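Structural features, examined
Letter by letter, the chains look like this.
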Amino acid sequence: MTKVFFKLFLLYVCCNSPIVAQQVAIENAKWLEGIWVNETSQGSIYENWSKVDGQQLVGKSYMIKDKDTVILETIRLVQHGDQVFYEPTIKTQNKGRAVRFNCTTLSPEKMTFENKKHDFPQYITYIKINTDSIVAEISGEVNNQMKKRSFPMRRVDE
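The structure contained in this document is the topic of the report that follows. (Residues numbered from 1 in each chain as written. Predicted model: local features only at pLDDT ≥ 70, side-chain atom pairs only at ≥ 80, totals over all residues. Heavy atoms only, no water.)

On to the environment of Val78, then. Note that Val78 resides in strand S4 (residues 68-80). In sequence terms Val78 and Leu57 are 21 residues apart; their C-alpha atoms lie 6.5 Å from each other. In this view, Val78 contacts Gln55, Gln56, Gln83, Val84, Phe85 and Glu87; residues no more than four positions away in its chain are not counted. (Helix = DSSP H or I, 4+ residues; strand = E, 2+ residues; numbered from the N terminus. Contact = heavy atoms within 4.5 Å.)

Right, here's the structure in full:
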């Protein structure tokens, strides 16, 4: 009886360990890895995501117009403790510093991040449609009106 109790106790401790919880949280974002493209009339917008380690993914958003590549932003999806953050950096905004968005939803199908103090967007959402299709959305309030832009993306073969 004591051995059974001890095994159950160890199982409980392992399953409720912060380390296990941390690994599970960031692992829910692994479907974002890869290269994604959104075709527009102004050119193709790409997001390229790769896993750095068990605690973060890094992304780069860029546009190819004609033969020029223009970096739009760099992004870190990082976990600190049990919190996950989306941190985009745009060189021409916020003095080139990252803006932090807190994760409010992180599942194998959807990620939502918010920063209600940011001008626009206040919300950033990624929705997995299937393994080769996602929708990125930015939304928030502008002049007391809710605005939303959607960017349907398809996976690009590497």
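Once that is clear, we can look at the layout of surface pockets. As a volume, the largest pocket reaches approximately 620 Å³. Lining the largest pocket are 26 residues, and of these Glu73, Ile90, Pro121, Ile138 and Phe151 sit closest to its centre. Those elements that place two or more of their residues in the lining of the largest pocket are strand S2 (43-53), S4, strand S5 (83-89), strand S8 (123-130), strand S9 (133-142) and strand S10 (145-156). Residues of the lining of the largest pocket, tallied by class, amount to 15 nonpolar, six polar and five charged. (1 Å grid on protein atoms, 1.4 Å probe; cavity = no way out; pocket = protein on both sides within 12 Å on 5 of 7 lines; lining within 4 Å. Points joined across faces, edges and corners; volume = space filled by probe spheres on them. Nonpolar A, V, L, I, M, F, W, Y, C, P; charged D, E, K, R; others polar.)

Applying the stated criterion across every chain yields a total of six aromatic pairs. On the numbers, 6.3 Å between centres and 80 degrees between planes, the contact of Tyr86 with Phe101 is edge-to-face. Taken together, the residues span a long stretch of sequence, with Tyr86 in strand S5 and Phe101 in strand S6 (residues 101-106) at a distance of 15 residues. In this structure, Tyr86 and Phe101 share a single accessibility class: buried. Summarising the aromatic geometry, the rings of Tyr86 and Phe113 are spaced 5.1 Å apart at their centres and angled 35 degrees between planes, so their arrangement reads as tilted. With Tyr86 in strand S5 and Phe113 in strand S7 (residues 110-114), the pair connects residues that are 27 residues apart, well separated along the chain. We classify Phe113 as buried; its relative accessible area is 0%. Among the aromatic residues, those joined into a cluster by ring pairs are Trp49, Tyr86, Phe101, Phe113 and Tyr126. (Phe/Tyr/Trp six-rings, centres within 6.5 Å; stacked < 30°, edge-to-face > 60°. Buried < 20%, exposed > 50% of the residue type's maximum accessible area, 1.4 Å probe, protein only.)

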